[in-house]
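As a plain string of letters, each chain reads:
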Amino acid sequence: MKYMMMMNAPRGNGEYQINDWSPDDFQAHIAFMHGFNRQLSEAGEMVACEGLTPPAQAKLVRAGKDGRPVTDGPFPETKEFLAGFWIIDVDSAERAYELAATVSAAPGPGGTPLNMAVELRPVMSAPPDPSAPSLTR
Amino acid sequence: MNAKLVTDRNTSTNCPEFAEHLLRELAPQVLGVVARKCGDFADAEDALQEALIAAATQWRAAGVPTNPRGWLYSVAMRRLKDRVRSESARRRRENEVASEREHEQPFVSPPDAELGLMTDDTLVLLFMCCHSALSPSSAIALTLRAVGGLTTAEIASAFLVPEATMAQRISRAKQSIKSSGVAFRMPTDDDMVERLGAVMHVLYLIFNEGYASSSGPELHRVDLSAEAIRLTRMLRALTPDNGEVAGLLALMLLTDARRAARAGRHGELIPLDAQDRSLWDRQMISEGTALVSSAFASGSAGPYLLQAAIAAIHDESPRVQDTDWPQIMALYGVLKQMSENPMIALNHAIAVAMVGGAEAGLALVSELDTDQKLRGHYRLDAVRAHLYEMIGDDARAILHYRAAAEGTASIPERDYLNLKAARASARS
């Protein structure tokens, strides 16, 4: 079953706070993420992953009356922002929770776990079950 | 793949479809012999995969060789030897000691005595790839590659994951086999039932995956249902006296027979009771029902055979109102006693409703609310919604259709449930 795993990073004092970390802390964090991705790949569970630019570049877009894009933002007051996401393919919900908890505990300043909020959403790719009740298939 | 799709169907031995079909047929047989020879399943499997890829291009260009099995065997053995050679050269470089002398064996086709073992080997391979030491997704991937003869790329595209991810899954599956010490031999009689059960489960999972993807725009994907049916046919030929294997094959055929009728033009789900039955595949239905009858005649019935019998009743009803619900109710009653699958209990509740009225069904569904596996499951809502609709309680039906739509992880199913809710709303 596939899940989208969305990692929300805290915004700190209105700046992308990772920029304020010491070089060692920064490198430890990056090494953790590389290790996590390698582990996912080696387990045959990685479908896709991307990191996103900080919210200073984020725009909300809607179509105007003439169908052309109308942009809004960025929104510096946002407390948390989507820093990156994975699409994983795992055998159970428990495994997905385990992976989300692992990434949530990525190291921050001084090696302290960040305990970031990770939103986990099942991807709508489940096969319909041929043994499902006959009225519902 | 595209080249394959645009080729005219013909029976020429130079036709790419023929070559592909033959390759996939021979793959497990040759792998069995190679694995026996070299004693390492993982290496043998890699070598065969290389031989299959070589054959796919060379046979397409030059035609199928006169002894295709011998061809595959020789090429796989050669690849294996190359592998051993470069591996031992690497080790020598690393250790700076020439510790090993290479085995020099001339390449020959396997002797006839070994060919006789090949069919047994296919069965041993199935047992190995579907071993309970493997996770379901690993077992599926390995079975499709080692027994089904599919390439990693084809399997990856069938499951919509990157090829590298699927390759990793397959190599981990082989590592698990290695580390858990599963031997390349027939299970003992004591283990047989359990091991065969694991094989049937994996084949059924492959079938289910195909059931999901066989409608809609994904035409380039490997047809997993057809592949599951092919592999189950193979298993059936190897275990002709097993009623459950016959039952599984029949269940797949009788379910797949409705394929053309179960989705609309835009991939929308059409439920059993609304399907155009003239679109059902009569040939598959008669093959499936014949399997069910002969399996019932020759012994006790297990869960797959009983489910196949129920599917046969649906498939043989000319119109939905002709469905023999008392018979279906009785069969689900028996199944309920032997299966842990809570879907069986839900199906039973529906059959009871069709025989004794929706209230009787709803009462049974209420009993399932406390079931550990079903608690909060959207299918409880889906069934309730249908039963409330049957008795004309649209308000409750809408509520449960919507709740069910929130809970499913299948897009066609969600759309169908939302549409049912919308229709009930429009009525009331």
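Residues numbered from 1 in each chain as written. Chains lettered and ligands numbered in written order. Predicted model: local features only at pLDDT ≥ 70, side-chain atom pairs only at ≥ 80, totals over all residues.

**A word on the overall build of chain A**
In step 1: The secondary structure content of chain A amounts to 2 helices and 6 strands.
In step 2: Counting from the amino terminus, chain A carries its helices and strands in the arrangement β-α-β-β-β-β-α-β.
In step 3: Long-range contacts, defined here as pairs at least 24 residues apart, represent 71% of the contacts in chain A between residues at least 6 apart. (Helix = DSSP H or I, 4+ residues; strand = E, 2+ residues; numbered from the N terminus. Contact = placed C-beta atoms within 7 Å.)

**Topic: the overall build of chain B**
In step 1: The helix and strand tally for chain B stands at 19 helices and 0 strands.
In step 2: Counting across all 428 residues of chain B, residues that qualify as buried make up 42%.
In step 3: Pairs at least 24 residues apart make up 60% of the contacts formed inside chain B by residues separated by at least 6 positions. (Buried ≥ 20, exposed ≤ 12 C-beta atoms within 10 Å, placed from the backbone.)

**A look at the pairing of strand β5 (residues 80-89) of chain A**
Residue and element names in this part refer to chain A.
In step 1: Two elements, strand β1 (residues 2-10) and β5, share 9 bridges in a ladder whose sense is antiparallel. In the strand pairing of β5, Pro10 is matched with Glu80.
In step 2: Alignment of strand β2 (residues 46-51) against β5, held across 5 bridges, turns out to be antiparallel. Residue pairing for β5: Glu50 is matched across the bridge by Phe85. (Pairing = 2+ DSSP bridges.)

**Regarding helix α19 (residues 411-427) of chain B**
Residue and element names in this part refer to chain B.
In step 1: Between its first and last C-alpha, α19 extends 24 Å over 17 residues, near the 24 Å set by a 1.5 Å rise per residue.
In step 2: What α19 keeps buried is the set Pro412, Glu413, Tyr416, Leu417, Lys420, Ala421 and Ala424.
In step 3: Contacts made by the buried residues of α19 are with α17 (378-390) and α18 (394-407). (Expected span 1.5 Å × (residues − 1).)

**Thoughts on helix α14 (residues 325-338) of chain B**
Residues and elements named next belong to chain B.
In step 1: The end-to-end C-alpha separation of α14 is 20 Å, in line with the 20 Å expected for 14 residues at 1.5 Å each.
In step 2: Within α14, burial applies to Ile328, Met329, Leu331, Tyr332 and Leu335. Along the long axis of α14, the arc covered by the buried residues comes to 165°, so they all point the same way. In α14, the exposed residues that point more than 90 degrees away from the buried face are Pro326 and Gln337.
In step 3: In this fold, the buried residues of α14 make contact with α13 (303-316) and α15 (342-356). (Arc of directions from axis to C-beta.)

**Considering the sheet that holds β1 of chain A**
All names here are of chain A.
In step 1: The strand order across the open sheet formed by 4 strands is β2-β5-β1-β6, and the pairing between neighbours is antiparallel. The outermost strands of the open sheet, each flanked by one partner alone, are β2 and β6 (117-122). The average undirected angle you get between the axes of adjacent strands in this sheet is 20°. (Axes fitted to C-alpha atoms, helices over the stretch in contact; angles between N-to-C directions.)

**Brief notes about the nonpolar core**
In step 1: In terms of nonpolar packing, the biggest core is built from 123 residues, with Val30, Val34, Leu48, Ala76, Val199, Leu203 and Ala308 of chain B touching the most fellow members.
In step 2: Listed in part, the 14 residues of the second largest apolar core include Ala9, Val90, Ala96 and Val118 of chain A. (Core = buried A, V, L, I, M, F, W, Y, C linked by C-beta atoms within 7 Å.)

**Section: the confidence of the model for chain A**
In step 1: When pLDDT is averaged along chain A, the result is 87, and 87% of the positions lie at 70 or above.
In step 2: Mean pLDDT in chain A bottoms out at strand β4 (residues 69-72) of chain A, which sits at 90, and peaks at helix α2 (residues 93-104) of chain A, which reaches 96. (pLDDT = per-residue confidence, 0-100.)

**A short note on the confidence of the model for chain B**
Residue and element names in this part refer to chain B.
In step 1: In the predicted model, chain B carries a mean pLDDT of 86, and the fraction of residues at 70 or more is 87%.
In step 2: Ignoring residues within four places in sequence, the model shows residues 1-11, a span with pLDDT below 50, making 10 contacts including any to other chains.
In step 3: Note on residues 97-108: pLDDT is under 50 here. Beyond four places in sequence and across chains, it has 8 contacts.
In step 4: If you check the scores for this complex, the pTM reads 0.85 and the ipTM reads 0.82.

**Considering the environment of Ala56 of chain A**
In step 1: Looking at the secondary structure, you find Ala56 of chain A in the loop between β2 and β3 (60-63).
In step 2: Considering only alpha carbons, one finds Ala56 of chain A and Pro74 of chain A, 18 residues apart in sequence, at a separation of 5.7 Å.

**Quick look at the packing of α17 of chain B against α18 of chain B**
Residues and elements named next belong to chain B.
In step 1: Two elements in contact, α17 and α18, have axes separated by 7 Å at closest approach and are oriented at 155°. Judged by the angle between their axes, α17 and α18 are roughly antiparallel. Helix-helix and strand crossings are classified by hand; for α17 and α18 the assignment is left-handed. Contacts from Tyr378, Asp381, Ala382, Arg384, Ala385, Tyr388 and Glu389 in α17 reach Asp394, Arg396, Ala397, His400, Tyr401, Ala403, Ala404 and Gly407 in α18.
In step 2: Grouping the constituent residues of the contact of α17 with α18 by class yields 8 nonpolar, 2 polar and 5 charged. (Parallel < 35°, antiparallel > 145°, perpendicular 65-115°, else oblique. Left-handed = near helix turned anticlockwise from the far one by under 90°. Nonpolar A, V, L, I, M, F, W, Y, C, P; charged D, E, K, R; others polar.)

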